Amino acid sequence: MDSPEPKFVPVARLADLPLGSARAFEVGRKLVAVFHTAEGLFALDDHCPHSGGPLSEGDLRSDVVTCRWHGAGFRLSTGRSAGAMRCKPATCFSVRVHDGWIEVEER
Ligand code: FES
């Protein structure tokens, strides 16, 4: 059985999320953190899987965001735990640019 096409929701103009920055957006019933890095755009559930800290407000270095609440790090491309503090992975969302708009997969 084929899975249905993912639904993408526009959240912001690409020009409004400068390189090196991140912001959280409501996508359906979820809050999704979108990161704009030199490697591209990435999207993770904004709620840190450790205890709910806002990953969009974390420290962004290369492809790792570090939660500012207790210091858990997560790879943007996979959501997997990175760094000394091990944690279950953050949920990743597909993200794309369409007609100058950042669009995030709604789940
Ligand atoms: S809530 Fe993110 S590290 Fe604890």
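So, here is what we can say about the structure in this document. Keep in mind that what you see is a predicted model, and the values were worked out from it rather than measured.

Thresholds applied
- Residues numbered from 1 in each chain as written.
- Predicted model: local features only at pLDDT ≥ 70, side-chain atom pairs only at ≥ 80, totals over all residues.
- Heavy atoms only, no water.
- Pairing = 2+ DSSP bridges.
- Helix = DSSP H or I, 4+ residues; strand = E, 2+ residues; numbered from the N terminus.
- Buried < 20%, exposed > 50% of the residue type's maximum accessible area, 1.4 Å probe, protein only.

## Considering the sheet that holds strand 6 (residues 64-66)
Moving on, step 1. If you trace the 4 strands from one edge of the open sheet to the other, you get 5-6-7-8, paired in antiparallel fashion. With partners counted over all chains shown, the strands left at the sheet margins are strand 5 (59-61) and strand 8 (81-82), one partner each.
Moving on, step 2. Inspection of the sheet shows strand 5 paired to strand 6 by 3 bridges, in the antiparallel sense. When the bridges of strand 6 are listed, aspartate 59 appears paired with threonine 66.

## A closer look at unusual backbone geometry
Moving on, step 1. Of note in the backbone geometry, serine 62 takes a positive phi value of approximately 55 degrees without being a glycine.
Moving on, step 2. Locating serine 62 in the fold gives a position in the loop between strand 5 and strand 6.
Moving on, step 3. What makes serine 62 exposed here is its relative accessible area of 55%.
Moving on, step 4. One non-glycine residue with positive phi stands out, namely aspartate 99, at about 55 degrees.
Moving on, step 5. You can see aspartate 99 is positioned in the loop between strand 10 (95-98) and strand 11 (101-106).

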